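What follows is each chain in one-letter form.
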Amino acid sequence: MTILHLVSWKLTATDPTEKSEHVAQMAARLGGLVGVVDEIQSLRVGPDVVGGSNWDVALVAEFADEAALARYQMHPAHVEAGAYVKSVTAKRMAVDLVV
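Residues numbered from 1 in each chain as written. Predicted model: local features only at pLDDT ≥ 70, side-chain atom pairs only at ≥ 80, totals over all residues. Heavy atoms only, no water.

Caption draft 1: Highlighting the overall build of the protein chain. The number of helices and strands found in the protein chain is three helices and four strands. Ordering the α and β elements of the protein chain from the N terminus gives β-α-β-β-α-α-β. What you see for the protein chain is a C-alpha radius of gyration of 13 Å, in line with the 13 Å of a compact globule of 99 residues. With respect to the three principal axes, the spread of C-alpha positions in the protein chain is 40 × 25 × 20 Å. Looking at the 99 residues of the protein chain, the share that counts as buried comes to 34%. In the protein chain, once contacts between residues fewer than 6 apart in sequence are set aside, the share between residues at least 24 apart is 71%. Here the protein chain displays about 5,800 Å² of accessible surface, and carbon together with sulfur accounts for 55% of that area. Charged side chains of the protein chain number 8 positive and 12 negative; the gap between the two group centres comes to 5 Å. (Helix = DSSP H or I, 4+ residues; strand = E, 2+ residues; numbered from the N terminus. Rg over C-alpha atoms; globule rule 2.2 N^0.38 Å. Buried < 20%, exposed > 50% of the residue type's maximum accessible area, 1.4 Å probe, protein only. Contact = heavy atoms within 4.5 Å. Areas by Shrake-Rupley, 256 points an atom, 1.4 Å probe, with all protein chains shown as cover. Lys, Arg positive; Asp, Glu negative; His and termini not counted. Charge placed at Lys NZ, Arg CZ, Asp CG, Glu CD.)

Caption draft 2: Representation of the packing of helix 1 (residues 16-31) against helix 3 (residues 76-88) in the model. Put simply, helix 1 and helix 3 touch, their axes get as near as 9 Å, and they point 165 degrees apart. Comparing their axes, helix 3 and helix 1 come out roughly antiparallel. For helix 1 against helix 3, the interelement crossing comes out left-handed. Along the contact surface, helix 1 presents His22, Gln25, Met26, Arg29 and Leu30, while helix 3 presents Ala81, Tyr84, Val85 and Val88. Its residues assigned to classes, the contact of helix 1 with helix 3 comprises six nonpolar, two polar and one charged. (Axes fitted to C-alpha atoms, helices over the stretch in contact; angles between N-to-C directions. Parallel < 35°, antiparallel > 145°, perpendicular 65-115°, else oblique. Left-handed = near helix turned anticlockwise from the far one by under 90°. Nonpolar A, V, L, I, M, F, W, Y, C, P; charged D, E, K, R; others polar.)

Caption draft 3: Just the nonpolar core, in detail. Membership of the largest hydrophobic core comes to 22 residues, with the highest contact counts inside it found for Trp9, Met26, Leu59, Phe63 and Tyr72. At the level of elements, strand 1 (3-11), helix 1, strand 3 (57-63), helix 2 (66-74) and helix 3 are the ones that each hand at least two residues to this core. Dropping the residues within four chain positions of it, leucine 59 is found in contact with His5, Leu6, Val7, Trp9, Leu30, Leu43, Arg44, Val45 and Tyr72. (Core = buried A, V, L, I, M, F, W, Y, C linked by side-chain atoms within 4.5 Å.)

Caption draft 4: Highlighting the environment of leucine 4. Considering the arrangement of structural elements, one finds leucine 4 in strand 1. As a C-alpha pair, leucine 4 and glutamate 62 span 58 residues in sequence and 4.7 Å in three-dimensional space. Ignoring any residue separated from it by four or fewer positions in sequence, one finds leucine 4 in contact with Val60, Ala61, Glu62, Val95, Asp96, Leu97 and Val99.

Caption draft 5: Spatial organisation of the packing of helix 2 against helix 3. Contact geometry of helix 2 with helix 3 gives a least axis separation of 5 Å together with a crossing angle of 60 degrees. Judged by the angle between their axes, helix 2 and helix 3 are oblique. Residues Tyr72, Gln73 and Met74 of helix 2 form the contact with helix 3, whose participating residues are Pro76, His78 and Val79. Tallied by class, residues from the contact of helix 2 with helix 3 come to four nonpolar, two polar and no charged.

So, in structure tokens, the structure goes:
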């Protein structure tokens, strides 16, 4: 069993330059968890490229099982990255799928 962890965010910033900076920081901080949090099998994060009413940023990550996902979410490095993400986002959506 593999868990596919999908998360998307709406940013608080409306200025395109500020939004780009926040996306870059989110990508760097969350992407930097690879190799630090052993439970991550794969992780991708980046901005929406279509625009309109879409969410601003998305993350797709794979974990071996629910226990591995739970360890990732509680890992101090993830908690630290998450604090930054929370500071620049207005809304969050998450779905976890078995694939």
